[in-house]
Amino acid sequence: IASVSLPLKKVRELETKPWVDLVEIETNNVIPLSDTMLINNNIIPLHNSQSPLTYSLDGEGVIIGFLDTGVDFNHDDFKDVNGNSRILSIWDHTDSADVNRIPAKYGYGQVWSKADIDNGICIHDDPANYYGHGTMVVGVAAGNGLASNQFKGVAPKSDIVVVAMDFDINDFNSSVADAIDYIFNIADSLGKP
């Protein structure tokens, strides 16, 4: 048994060591800051349709696209009140194992639909070596607070499209262009900004 002090981002690395049986983290110093973010960036007046607005700006009817490490699609902040996913699609650039899921237009990666997520057949993962970065980014922008009944993101009623980028490929710029094209094609097909 040992008590150590180390950066939180190193905990997952420590957990992978063969000589480590259990890691317990003292969380008293960890404070979610989404509530502060909403105040500091004047988001609450937008959500509450504060004057001079006559309607709420909360992301309803809008698609937000993310190019990042991926997303924890099971997180309650990315579901509606009925438990259905708000994620319309995940295109994982890091895996092309299932040839039936490779988008024909691009020829690589795997696509998971909202139906795949809702039916429990999506196997995408926000990889541990990135410490949930993509999930955190999606939460800040589009989380609806259902996981904790607080800490909403900027656009809590938006639809979500995630592209899990492969940061280790040689032609990264082309994959970014493909990802942007993919997100806009989904938005255009649904007639949403």
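Just above, that's the structure.
Worth saying up front: this structure is predicted, and the values here are computed from it rather than measured.

*Asks:* So what's going on with the environment of Val137? Residues and values would help.
*Replies:* If you trace the backbone, Val137 turns up in helix 5 (residues 133-142). The class for Val137 is partly exposed, based on a relative accessible area of 24%.

*Asks:* Describe helix 5, naming the residues involved and giving the relevant values.
*Replies:* Considered for burial, the residues of helix 5 that qualify are Gly134, Thr135, Val138, Gly139, Ala141 and Ala142. At its buried positions, helix 5 is contacted by strand 1 (63-68) and strand 4 (159-164).

*Asks:* Any chance you could break down a nonpolar patch on the surface for me, citing the residues and the numbers?
*Replies:* A cluster of nonpolar side chains, Leu67, Ile180 and Phe184, forms an exposed patch at the surface whose accessible area comes to about 260 Å². Summarising the element assignment, Leu67 is placed in strand 1.

*Asks:* Tell me about the packing of aromatic side chains, and name the residues and values.
*Replies:* Across all of its chains, the model carries 6 aromatic pairs by this definition. The interplanar angle of 40° and the centroid separation of 5.3 Å between the aromatic rings of Trp91 and Tyr108 together place this pair among those described as tilted. Note that Trp91 is positioned in strand 2 (residues 87-92) and Tyr108 in the loop between strand 2 and strand 3 (110-113), a separation of 17 residues in sequence. Here the aromatic rings of Trp91 and Tyr182 are separated by 5.0 Å at their centres, their planes lie at 50°, and the arrangement is tilted.

*Asks:* Can you tell me about the sheet that holds strand 1, naming the residues and giving the values?
*Replies:* What the 4 strands build is an open sheet, ordered 1-4-2-3; its pairing is mixed. Looking at the sheet topology across the chains shown, the edges are occupied by strand 1 and strand 3. Each strand of the sheet is rotated relative to its neighbour by a mean of 10°, with strand direction disregarded. Across 5 bridges, strand 2 lies against strand 4 in parallel orientation. Directly across from Ile87, in strand 4, lies its bridge partner Ile160. Each of strand 1 and strand 4 touches helix 5; the most contacted strand, strand 1, lies at about 155° to it. Taken strand by strand, helix 6 (residues 172-190) contacts strand 1, strand 2, strand 3 and strand 4, and its axis lies near 165° from that of strand 1.

*Asks:* Account for the pattern of salt bridges, naming residues and giving values.
*Replies:* The tally for this structure, following the rule as stated, stands at 8 salt bridges. Asp118 serves as the salt-bridge partner of Lys114, at 2.6 Å between the closest nitrogen and oxygen. Remark: Asp118 and Lys114 occur in helix 4 (residues 114-118); sequence separation between them is 4 residues, near one turn of the helix. In this structure Lys114 comes out as partly exposed when scored by relative accessible area, which is 27%. Using a relative accessible area of 33% as the deciding quantity, one classes Asp118 as partly exposed. For the salt bridge of Lys192 with Asp159, the shortest nitrogen-to-oxygen distance reads 2.5 Å. Of the two residues, Lys192 sits in the segment after helix 6 while Asp159 sits in strand 4, which places them 33 residues apart along the sequence. Here the residues in one salt-bridge network are Asp98, Arg101 and Asp116, joined through shared partners.

Thresholds, definitions, all that
Residues numbered from 1 in each chain as written. Predicted model: local features only at pLDDT ≥ 70, side-chain atom pairs only at ≥ 80, totals over all residues. Heavy atoms only, no water. Helix = DSSP H or I, 4+ residues; strand = E, 2+ residues; numbered from the N terminus. Buried < 20%, exposed > 50% of the residue type's maximum accessible area, 1.4 Å probe, protein only. Contact = heavy atoms within 4.5 Å. Patch = residues over 30% accessible without salt bridge, like charges linked within 9 Å, V, L, I, M, F, W, Y side chains within 5 Å. Areas by Shrake-Rupley, 256 points an atom, 1.4 Å probe, with all protein chains shown as cover. Salt bridge = Lys/Arg side-chain N within 4 Å of Asp/Glu carboxyl O. Phe/Tyr/Trp six-rings, centres within 6.5 Å; stacked < 30°, edge-to-face > 60°. Pairing = 2+ DSSP bridges. Axes fitted to C-alpha atoms, helices over the stretch in contact; angles between N-to-C directions.

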